[in-house]
Amino acid sequence: MKIKHLSAAFALIISGSSFAQSTFEEGGLVYMEDISDPSKMAVIVMPKQNPVTQWGMYSGDVVVPASIEHDLDTYNVVGLSTMCFMCPDLTGLDIQAPLKTLPQSCIYSESLKEIKLPDTLEEIPQSSIMTPNVEKIYFGKSLKTISGSCMQLNVTNLTIPVTIENISSSFMVCQMLKSLHLKGDNFSTLETSFIDMPALETLSIEGRNLTIAACFGMNIEQLQTLYLSGVVAIKGAFSEINIDKLVLPEGITEISDSFRTFNGSELTLPNSLTKLENSFYICPNLKIVRLSKGVCSLENFCKGNGETLYCPWNEVPEVPDLRNRPDFVVTFVVPEGMEARYREAWASSLSRTTKSNITFREEKF
């Protein structure tokens, strides 16, 4: 988005009786004393506004130091102002000040290519970083939450720190991203993020009791490697996927409104799965399905197009509908000693067709 005129609130930051603290410029940055700091030796980085265009005037590669010298005194840099780096000519930003969070509407520049955040940063809140063309971003070593920020990036590889716990409504469009790695010992929430990533080839997600919700919703047709660990639920994610042999790991208990189109040939569901709803609707190339012990159902998988279905259940699932399916071709692989029970339970339906090619094979599960 282009911002030609900043709001009146922007002007109040640098003028008016509400801010009686002294301001000064040092090393190309404008600082204001933070009167809330008991030491009286703390400052906040302020905008440097062009009075004509209303844009910020910081340009090139900017470093925000942890401390500064001014008039023989040393000041600690403890914060950034709202709209601090909304600067059209800013190309690089290195924040060395030991911040724990960023203010909203803090960083915006279409020219900005690289951001380095401090190792102390714990939170990137809503709208704090809105930079559509960033190619490199370093998140530090303490980040826990990203919410409603970093909406669009041009990075090709992205790794989130292992301290991460929650990501929501962020990274909506990353059209150059090829490799994404998300890992955290306490990573439990990933929602409404990473929506449009047409170049993504490798995705690795490791968490703890992690729910993936409303993510990876479109344009992930190039994805070839998917690694999941510590995931317990997938809800409204992975709308279409082209991985040929997809193995979903143990630990997942719910898959709902996900994988609506699966174009691969083999699918393995985890035995930990207990809920499977509104998923795998379109599977035109499916040949082998290893079904879950936890969900005794053939829904969406028994198409009769020559697939082999591994049915690991000692109870017989609901009979597949063979009406008006004279060309129904399928192989059911059932537990040892169970073929007769399956045939008996399905006898009425099987008798309705004489042309279908339905076979059974017993295996040890």
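See the structure above.
Conventions adopted
Residues numbered from 1 in each chain as written. Predicted model: local features only at pLDDT ≥ 70, side-chain atom pairs only at ≥ 80, totals over all residues. Heavy atoms only, no water. Helix = DSSP H or I, 4+ residues; strand = E, 2+ residues; numbered from the N terminus. Rg over C-alpha atoms; globule rule 2.2 N^0.38 Å. Buried < 20%, exposed > 50% of the residue type's maximum accessible area, 1.4 Å probe, protein only. Contact = heavy atoms within 4.5 Å. Areas by Shrake-Rupley, 256 points an atom, 1.4 Å probe, with all protein chains shown as cover. Lys, Arg positive; Asp, Glu negative; His and termini not counted. Charge placed at Lys NZ, Arg CZ, Asp CG, Glu CD. Pairing = 2+ DSSP bridges. Axes fitted to C-alpha atoms, helices over the stretch in contact; angles between N-to-C directions. Core = buried A, V, L, I, M, F, W, Y, C linked by side-chain atoms within 4.5 Å. Salt bridge = Lys/Arg side-chain N within 4 Å of Asp/Glu carboxyl O.

A.B. asks: What exactly am I supposed to notice about the overall build of the chain here?
C.D. replies: Of regular secondary structure, the chain possesses three helices and 29 strands. Computed over its C-alpha atoms, the radius of gyration of the chain comes to 28 Å, more than 25% above the 21 Å expected for a compact globule of 365 residues. Expressed as lengths along the three principal axes of its C-alpha atoms, the size of the chain is roughly 95 × 35 × 30 Å. Within the chain, buried positions represent 47% of all 365 residues. Excluding contacts between residues fewer than 6 apart, the proportion of contacts in the chain whose partners are at least 24 apart in sequence is 27%. When the accessible surface of the chain is split by element, carbon and sulfur atoms take 48% of a total near 17000 Å². Here the chain carries 29 positive and 42 negative side-chain charges, and the mean point of each set is 9 Å from the other.

A.B. asks: Looking at this model, I keep getting lost on the sheet that holds strand β12 (residues 136-138). Mind explaining?
C.D. replies: Taken in spatial order, the four strands line up as β4-β8-β10-β12 in an open sheet, and their pairing is parallel. The open sheet terminates on both sides in strands that have one partner only, identified here as β4 (60-64) and β12. When the angles between neighbouring strand axes are averaged without regard to direction, this sheet yields 10 degrees. The pairing of β4 with strand β8 (residues 90-95) spans five bridges and is parallel. Note on β8: the bridge partner recorded for aspartate 61 is glycine 92.

A.B. asks: Could you clarify how one ought to interpret the nonpolar core in this entry?
C.D. replies: A general feature of soluble globular proteins is that nonpolar side chains tend to end up buried together. The biggest cluster of nonpolar side chains holds 102 residues, and the ones touching the most others in it are Phe85, Phe139, Phe171, Leu190, Phe216 and Phe332. Look past the residues within four positions of phenylalanine 171 in its chain and what remains in contact with it is Phe139, Ile146, Ser149, Cys150, Met151, Leu153, Leu158, Ile160, Ser193, Phe194 and Ile195.

A.B. asks: Help me understand the environment of leucine 298 in this model?
C.D. replies: Note on placement: leucine 298 falls in the loop between β26 (288-290) and β27 (305-310). The spatial distance from the C-alpha of leucine 298 to the C-alpha of threonine 308 is 12 Å, given a sequence separation of ten residues. Setting aside residues up to four positions removed in sequence, leucine 298 forms contacts with Leu291, Leu309, Cys311, Trp313, Pro317, Glu318, Pro320, Phe332 and Trp346.

A.B. asks: I would appreciate a short explanation of the pattern of salt bridges in the present structure.
C.D. replies: Here the structure, examined in full by the defined rule, presents nine salt bridges. The salt bridge involving glutamate 135 is made with lysine 113; its shortest N-O contact spans 4.0 Å. In this pair, glutamate 135 sits in the loop between β11 (123-124) and β12 while lysine 113 sits in the loop between β9 (107-108) and β10 (114-116), placing the two residues 22 residues apart along the sequence. By relative accessible area, which is 36% here, lysine 113 ends up partly exposed. A salt bridge links arginine 361 to glutamate 363, with the nearest nitrogen and oxygen atoms 3.3 Å apart. When salt bridges that share partners are traced, they join Lys245, Glu266 and Arg290 into one network.

A.B. asks: I tried to follow the environment of phenylalanine 24 on my own but got confused; where do I start?
C.D. replies: One can find phenylalanine 24 in strand β1 (residues 23-26). Apart from the residues within four sequence positions on either side, phenylalanine 24 is in contact with Leu29, Val30, Tyr31, Val43, Ile68, His70 and Tyr75.

A.B. asks: I would appreciate a short explanation of the sheet that holds strand β29 (residues 357-363) in the present structure.
C.D. replies: Strand pairing in a sheet takes place through backbone hydrogen bonds and is either antiparallel or parallel in direction. Reading across the sheet, the six strands line up as β21-β24-β26-β27-β28-β29 and stay open at both edges, with parallel pairing between neighbours. The open sheet has two edge strands with one neighbour each: β21 (245-247) and β29. Averaged over neighbouring strand pairs, the angle between their axes works out to 10 degrees when direction is ignored. The pairing of β21 with strand β24 (residues 266-268) spans three bridges and is classified as parallel. Each bridged residue has a counterpart across the sheet, and for valine 247 the counterpart in β24 is threonine 268.

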